Structures are given as C-alpha cells and as structure tokens.
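Overview (structure and organization)
Below are the chains, spelled out letter by letter.
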Amino acid sequence: MASSSVTPLLLLVSILIRSIVATSAGNFYQNFDITWGDGRAKILNNGDLLTLSLDKTSGSGFQSKDQYLFGKIDMQLKLVPGNSAGTVTAYYLSSQGPTHDEIDFEFLGNLSGDPYILHTNVFSQGKGNREQQFYLWFDPTADFHTYSILWNPQRIIFSVDGTPIRQFKNSESIGVPYPKNQPMRIYSSLWNADDWATRGGLVKTDWTKAPFTASYRNFNANTCVISSSGASSCTSSSSNGNSNAWMEEQLDSTSQERMKWVQKNYMIYNYCSDPKRFPQGLPPECASS
C-alpha cells in the first residue's frame, strides 16, 4: 500500500520541481540586468521575453547577474527582420580586463533577402583572431532559434538548434591558452556597426527602418556559478549525480558528422584556412582541428 501511494506523490513532486526550475531558468528579471540603452531594452511577459532595440541615437544591452566558470547555456533569439544591414546582434560570454577570455556569437545584419552572417570567435588571455563565419540554413528573423554554448575544461562547442557548428578544443598541451581560469558573464547587445558589419562597411544602416529590434526568450543554463568570494557552485562530489554531465560532454560520432555537414555547406570563413593572414604560419590549434 505504501509504495503505491508514494509513487504518484513522488512523481507529482518531481514534475513540480521541474516546472519551478524551468520557470526560474527562463526568467529575465531573475537572471539578467539591463545595462544600457536608456529604455531601449525591455523585459516583457512577466520576465519571459526580452527585447533589445536600436535607433540612430543608441543601441541597448544586458548582462547576466551571475558569472560562470564553465557551463552549458541556451538562449533563443529572433533577429532583426527586413533590412538589417549595418546592425550587429552580439551574444557572448566574457571576462574583464586586458587578458580577458571571450566566447562569441555575433549576428551580422544584411540587406533584405540576403543572409545573415553568424560570426564566431574565441579569445583566451586577451588573444582572439579565431574567427569562423557561417550562413544559417533557415531565416533567423522568422522565428526563434536556439543558440548554445557548451564550455567545459576540455572543449567549447557552438551549436544552433542542437546542431554543433564549431568546436574549439583545449590545446594547452601545444601551448595554446584555453579559457579556464577567468569567470565570465553573459552579455548581449544590439548596436550599429555599419563601418564594418555588412560587406566590410560598404552597406550602411538605413535609419528609415529604425527602430531595429531583436528578441530573446527561453534562457536555460547549467553552469558553475562563481560567487563574489570566488567559490564555485560546482563540486567534485558525486552527490550531484548526472547534473554536471556536461562537464565531460563531447561530440559523439553523429554530432561530429552533423558539424562536418554544416562546415562543408554553410561555413564561409575559417581562420585556419587563411594562410595569407598568418605569414608566420597558421595558429597551432589549426593542426588539430
């Protein structure tokens, strides 16, 4: 009798816990601060939706309340529709200081009907120059799509709607610095970059189309949160069960094939394939990627 009555109760409790976690995970009031834009950034729908806007006077931006040292982070974005040339929507992790670490998604706007460019980069100890750029296989302005960063001690994986598009492995063994010591916050901004963003700056922002708006929802993060004292919410204890499985996550053979498919069909720039840019030789991590 006891077991048959307890089982439904446990099931109900687990469902309630999951619903509470999902709600807190996606609430922009709880997880983020609007940092600039003088009212151009808005949190709506009881914290379920965040919008950034850009006009000729200013763009806007937000950042996470917490800082992280490793994590698996998802955010759904719907990008500026129509003629978005000259605009950049940036969504990235970054630490502070001259030797900062950074993991970048940047969405470079374009003329109506021309594809967005998804620009990715990884900085470690202040050094970047690791750009890879992609077209997307869908219209990122028509609906929300999920853009994810997996960052663990072994690798950084960029994914779009669950499909990996890029992997940056820890190559410290061959002298390449890897982001692993500096806590990072999530940042996002919508801003005017018509001096470089679209066709190298040839296409300028059409301010008659302003305000430009990008939308965010369904933030979800499994992370090691770093407190103000420097303590991590993650421990080596096994009491967490599989909750930190992402700390060991890697691409299986299916995911590797999907990434190869994206890179073959949609990658439009890869720093590792640009020897003219590196006359002293390609960066050492290119040999293993």
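Residues numbered from 1 in each chain as written. Predicted model: local features only at pLDDT ≥ 70, side-chain atom pairs only at ≥ 80, totals over all residues. Heavy atoms only, no water.

Attention now moves to the sheet that holds strand S7 (residues 102-108). An order of S1-S4-S13-S6-S7-S8-S9-S15 is seen for the 8 strands of this open sheet, with the pairing classed as antiparallel. Either end of the sheet is taken by a strand with one partner, and the two such strands are strand S1 (32-36) and strand S15 (267-270). Within the sheet, the average angular offset between the axes of one strand and its neighbour, ignoring direction, is 15°. Sheet analysis places S1 next to strand S4 (residues 60-64), joined by 4 bridges and oriented antiparallel. (Pairing = 2+ DSSP bridges. Helix = DSSP H or I, 4+ residues; strand = E, 2+ residues; numbered from the N terminus. Axes fitted to C-alpha atoms, helices over the stretch in contact; angles between N-to-C directions.)

Looking now at unusual backbone geometry. With an omega dihedral of 0°, the bond running from Ala-210 to Pro-211 counts as a cis peptide bond. The phi dihedral of Gln-125 falls on the positive side, at around 50°, and the residue is not glycine. Topologically, Gln-125 is positioned in the loop between strand S8 (117-123) and strand S9 (132-134). Although it is not a glycine, Asn-129 sits at a positive phi angle of roughly 60°. Counting through the fold element by element, Asn-129 comes out in the loop between S8 and S9. Judged by relative accessible area, which is 40%, Asn-129 ranks as partly exposed. (Buried < 20%, exposed > 50% of the residue type's maximum accessible area, 1.4 Å probe, protein only.)

Take the side chain of Glu-106 next. Examined against the element boundaries, Glu-106 turns out to sit in strand S7. For the buried residue Glu-106, which engages in no salt bridge, the nearest side chain bearing the opposite charge is Arg-166, 10 Å off. With sequence-adjacent residues up to four places away left out, Glu-106 is seen in contact with Val-88, Thr-89, Ala-90, Ile-117, Leu-118, His-119, Trp-191 and Trp-196. (Lys, Arg positive; Asp, Glu negative; His and termini not counted. Salt bridge = Lys/Arg side-chain N within 4 Å of Asp/Glu carboxyl O. Contact = heavy atoms within 4.5 Å.)

Burial analysis of S8 places 7 of its 7 residues in the buried class, the great majority of the element. Taken together, the 7 bridges between S7 and S8 define a ladder with antiparallel strand orientation. Looking at S8, one finds that Phe-105 is bridged to Thr-120. Sheet analysis places S8 next to S9, joined by 3 bridges and oriented antiparallel. Note on S9: the bridge partner recorded for Leu-118 is Phe-134.

By the definition in use, this model includes 2 disulfides. Across a sulfur-sulfur distance of 2.0 Å, Cys-272 and Cys-286 are joined as a disulfide pair. Looking along the S-S bond of the Cys-272-Cys-286 disulfide, the torsion reads about -80°, which is the left-handed sense. Within this pair, whereas Cys-272 is found in the segment after S15, its partner Cys-286 is found in the segment after S15, the two being separated by 14 residues in sequence. Given the relative accessible area of 13%, Cys-286 is considered buried. Regarding the disulfides, the chain carries the connectivity 1-2, 3-4 under sequence-order numbering of its bonded cysteines. (Disulfide = S-S within 2.5 Å.)

On to the nonpolar core. Met-75, Leu-93, Phe-105, Tyr-147, Trp-151, Ile-156 and Tyr-216 are the most contacted members of the largest nonpolar core, which totals 59 residues. If sequence neighbours within four positions are ignored, Tyr-147 has contacts with Ile-73, Asp-74, Met-75, Leu-77, Tyr-91, Phe-105, Phe-107, Leu-136, Phe-138, Pro-140, Ser-159 and Val-160. The next biggest cluster of nonpolar side chains, apart from the first, holds 5 residues, and it includes Val-88, Ile-117, Ala-193 and Ala-197. (Core = buried A, V, L, I, M, F, W, Y, C linked by side-chain atoms within 4.5 Å.)

Turning next to the packing of aromatic side chains. Per the counting criterion, the structure on display carries 20 aromatic pairs. Note on Phe-32 and Phe-62: the rings are 5.1 Å apart at their centroids and 85° apart in plane angle, and the pair reads as edge-to-face. Residue Phe-32 is located in strand S1, and its partner Phe-62 is located in strand S4; the two are separated by 30 residues in the primary sequence. With respect to burial, Phe-32 and Phe-62 carry one shared label: buried. For the pair Trp-207 and Phe-212, a centre-to-centre distance of 6.0 Å together with 65° between the ring planes defines the contact as edge-to-face. Linked through ring pairs, Phe-28, Phe-32, Phe-62, Tyr-216 and Phe-219 together constitute an aromatic cluster. (Phe/Tyr/Trp six-rings, centres within 6.5 Å; stacked < 30°, edge-to-face > 60°.)

Right, let's get into the environment of Thr-198. Among the structural elements, Thr-198 can be located in the loop between strand S13 (185-192) and strand S14 (212-226). For the pair Thr-198 and Ala-85, spaced 113 residues apart in sequence, the C-alpha to C-alpha distance is 5.9 Å. In this structure, Thr-198 is in contact with Ala-85, Gly-86, Gly-109, Asn-110 and Val-203, ignoring residues within four places of it in sequence.

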